[in-house]
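# Structural overview for review
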Amino acid sequence: MGIISNQLAKKEDNPLARQSKELIKKVYAQDDRPWVIGYSGGKDSTLTVQLIFEALLEMLPEQWHKKVYVISSDTMVENPLVAAMINGSLQRMQDTALRTGLPLETQKVKPLTEKTFWSNIIGRGYPTPNQTFRWCTDRLKIDPADRFIKDKVNRFGEVIMVLGVRSKESQSRGNSIKEHEIQGTELLKHTTLNNAFVFAPIKEFGLDDVWGYLLSNPSPWGEDNAKLQEMYLNSSGECPLVVDQSIKESAGSCGNSRFGCWVCPVVSEDKSLTGFINSGEEWMTPLLKYRNRLVRVRDDRNLRMHRRMNGKFYLIGVEHYEKDGITYLSIKKKGGRSAKLYSIENVELPEVETAEVVDEYNLNSYIINNQIDLSRPEKHRDFFIRQVDREGNVSYSQLGLGPFTLEARQMLLKELLEVQRDLNAPTSHDIPLIQEEELRMIRRMWLREGDWNDSLPQIYYEVYGTELDWEHDDRPLMTADQMSDLELLVQKHQLDLNTVKKLFHIGNEYVSLKVKRGFQKEVTSLLKQDYLQLYHEGEIENETKVIDA
């Protein structure tokens, strides 16, 4: 990747760095707005913090009139080696600031427990992120950073974000910087926060300028920048601290970066973990295998509900063609899903399966008569829906995919805990892949969804042979006999068991509260879910989309 040229810039002979430090002093002295520096541990953010350290130390202590915060985003699924490196760097920065009296404070920002990667995937059943549905960046990076910035805005009125973005990094990054410039100042507009501005002190640096300065100038807090350079070998880049949508769009995913999440499923092949393993960190192999497992299961129709979280359902168009008078339905390979070929008629070919086809106007009765639970697709055979438009054109669809089923989430949690238990990291302490507070949050999510067997503590005990200090409910909602009776009644009256179970759970949550605010809203929202139309007469409203299924 051409990390550095042969001609390293000297500390005393680096006009670009000198210009940047003088600019830092000027902007720092202009007002009382505190600075928030985004630090990811990569080369650009390291250079930014180093130049600010050096510039401030060149100033008189009485000129240090405002606070400088260095924040680092902890997604809670960071690469363990990189996380340890960043933690050490933040601690050394803080120690140096205390020793020198610099008004600098380091902070790690994390997602709320209910919004972590595992709470969303294993708790709620979110499909793993991909290039078209990259929900992780907002929840794990942008939201935590925004909370920190908004807290400082509320306290100080305005803040200045200091970021290690460079115009020469890419054309899209350069365009984004130019688009957000504020004429007559050294600041850029923040894309989402009105009272936050952006300062980019290294925006004119090229790649060789960055490495040239880092490798020829010692870190003020004692970092070994040569080790940072080693992290970039066989790596395609770094993962910036994302604080707004413009950086998200220009940065792309971090799956090929040494500084990304170990579990990143956005890229088809994880070069980050592979690079570490090939460099001698074989203990990380189970992490790579589990990460690849997440990619494979994403498009497995047996592991995904056939309705969305909000109850809406939709149809996905399936390609079809005629050959020798026979209609074939083609399902292309996607992610970990294998390609499949179906035929409407019975064809005696080993690679062709006979499709079960339901006419759209019979879909209601088909689902009811076959007792199909859209939240548990593994309990029924997959089928296709035939649609005919007003001109007589025929098309075929499948029920669209929603969140992972509860059974799939239970499987993924058990496998994750097993990886965590058996991980043989060369450290004196265990590396948690999922936090205890996340397990408690996931348990609450599952109970609310109708997991009346309270399966999470059982899964944990099966893996570890011990129990956490769970908050056990001494008053179960129903006994096994009552649950059996309820299932029979639901079947008799053609109701949705999951909805009935959720109604019981909502009622149980509010039973001990004096103020029942929110109860009616929750119940109404639950009963208005689109998929409940399947249990009543009338046409089904669908959102047929002809896309690659």
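Criteria and thresholds
Residues numbered from 1 in each chain as written. Predicted model: local features only at pLDDT ≥ 70, side-chain atom pairs only at ≥ 80, totals over all residues. Heavy atoms only, no water. Helix = DSSP H or I, 4+ residues; strand = E, 2+ residues; numbered from the N terminus. Buried < 20%, exposed > 50% of the residue type's maximum accessible area, 1.4 Å probe, protein only. Contact = heavy atoms within 4.5 Å. Areas by Shrake-Rupley, 256 points an atom, 1.4 Å probe, with all protein chains shown as cover. Core = buried A, V, L, I, M, F, W, Y, C linked by side-chain atoms within 4.5 Å. Pairing = 2+ DSSP bridges. Axes fitted to C-alpha atoms, helices over the stretch in contact; angles between N-to-C directions. Left-handed = near helix turned anticlockwise from the far one by under 90°. Nonpolar A, V, L, I, M, F, W, Y, C, P; charged D, E, K, R; others polar. Salt bridge = Lys/Arg side-chain N within 4 Å of Asp/Glu carboxyl O. Phe/Tyr/Trp six-rings, centres within 6.5 Å; stacked < 30°, edge-to-face > 60°. Lys NZ or Arg CZ within 6 Å of the ring centre and 35° of its normal. pLDDT = per-residue confidence, 0-100. Expected span 1.5 Å × (residues − 1). Polar contact = N/O pair within 3.5 Å; in protein donor to acceptor, adjacent residues only side chain to side chain.

## Quick word on the overall build of the chain
- Across its full length, the chain carries 18 helices and 13 strands.
- Across the 549 residues of the chain, 52% fall into the buried class.
- Taking all contacts inside the chain whose residues are at least 6 apart in sequence as the whole, residues at least 24 apart take part in 70%.
- With the model as given, the accessible surface of the chain reaches about 27,000 Å², and the carbon-plus-sulfur share is 47%.

## Re the nonpolar core
- With 86 residues, the main nonpolar core has Trp35, Trp118, Ile122 and Trp262 as its most contacted residues.
- If sequence neighbours within four positions are ignored, Trp118 has contacts with Val77, Gly123, Trp262, Val263, Tyr290, Leu294, Leu416, Leu433, Ile434, Glu438 and Ile442.
- Val109, Val159, Leu163 and Ala200 belong to the second largest nonpolar core, which has 18 residues in total.

## Structural notes on the sheet that holds strand S8 (residues 326–331)
- Across the sheet, seven strands lie side by side as S10-S9-S8-S7-S13-S12-S11; this open sheet has mixed pairing. The sheet terminates laterally at strand S10 (352–354) and strand S11 (357–359), the two strands that pair on one side only. Taken pair by pair, the neighbouring strands of this sheet meet at an average axis angle of 40°, ignoring direction.
- Bridge count between strand S12 (residues 384–388) and strand S13 (residues 394–399): four bridges; the pairing is antiparallel. Bridging from a neighbouring strand, Ile385 pairs with Ser397 of S13.

## Thoughts on unusual backbone geometry
- For Met76, which is not glycine, the phi dihedral falls at a positive 75°.
- With a phi close to 55°, Asp324 is a non-glycine residue in the positive phi region.
- Looking at the secondary structure, you find Asp324 in the loop between strand S7 (315–323) and S8.
- A relative accessible area of 74% means that Asp324 is categorised as exposed.

## Regarding the packing of helix H13 (residues 406–422) against helix H15 (residues 455–464)
- With their axes 10 Å apart at the nearest point, H13 and H15 run at an angle of 30° to one another. Both H13 and H15 take part in a crossing whose hand is right-handed. Contact with H13, carried on its side by Gln410, Leu413, Lys414, Leu417, Glu418, Gln420 and Arg421, involves Ser455, Leu456, Ile459, Tyr460, Glu462, Val463 and Tyr464 of H15 and no other residues of that element.
- Residue composition of the contact of H13 with H15, grouped by class: seven nonpolar, three polar and four charged.

## Points about the pattern of salt bridges
- Taken as a whole, this structure holds 26 salt bridges when the rule is applied.
- Notably, a salt bridge pairs Lys21 with Glu54, separated by 3.2 Å at the nearest N-O pair. Taken as a pair, Lys21 in helix H1 (residues 15–30) and Glu54 in helix H2 (residues 43–58) lie far apart in primary sequence, 33 residues in all. Summarising the burial analysis for this pair, Lys21 and Glu54 share the class buried.

## Re the packing of aromatic side chains
- If you walk through the whole model with that rule in mind, you get 15 aromatic pairs.
- Aromatic pair Tyr28 and Trp35: ring centres 5.5 Å apart, planes at 90°, arrangement edge-to-face. The two residues Tyr28 and Trp35 agree in class, both being buried.
- By the ring-pair criterion, three or more aromatic residues cluster together here, those being Phe117, Trp118, Tyr126, Trp135, Trp262 and Tyr290.
- Above the plane of the ring of Tyr28 lies Lys66, whose end atom (NZ or CZ) is 5.2 Å from the centre.
- The side chain of Arg440 reaches across the aromatic face of Trp470, ending 5.7 Å from its centre.

## Some points on the confidence of the model for the chain
- Across the chain, the average pLDDT comes to 82, with 84% of residues at 70 or higher.
- Scored below 50 in pLDDT, residues 239–256 makes 71 contacts in the model with residues more than four places away or belonging to other chains.

## Quick look at H2
- Taking 1.5 Å as the rise per residue, H2 with 16 residues should run 22 Å; its terminal C-alpha atoms sit 22 Å apart, in good agreement.
- For H2, a buried count of 14 out of 16 residues is recorded, marking the element as mostly surrounded by other parts of the structure.

## A look at the sheet that holds strand S2 (residues 68–73)
- Strand order across the open sheet formed by six strands is S3-S2-S1-S4-S6-S5, with mixed pairing between neighbours. Only two strands of the sheet have a single neighbouring strand rather than two, namely strand S3 (104–109) and strand S5 (187–189). In this sheet, adjacent strand axes meet at a mean angle of 30° when their direction is disregarded.
- Bridge analysis of strand S1 (residues 35–38) against S2 gives four bridges, and the strand direction is parallel. Each residue of the ladder has a partner; that of Gly38, found in S2, is Ile71.
- Across the sheet, H2 lies against S1, S2, S3 and strand S4 (159–162), angled at about 145° from S1, the strand it touches most.

## Structural notes on helix H10 (residues 271–278)
- Of the positions making up H10, those classed as buried are Ser272, Leu273, Gly275, Phe276 and Ile277.
- Contacts made by the buried residues of H10 are with helix H3 (80–100), helix H8 (225–231) and helix H11 (285–297).
- Residue Asp270 occupies the N-cap position of H10, its side-chain oxygen lying 3.0 Å from the main-chain nitrogen of Ser272.
- One or two residues past the end of H10 sits Gly280, with phi positive at roughly 115°.

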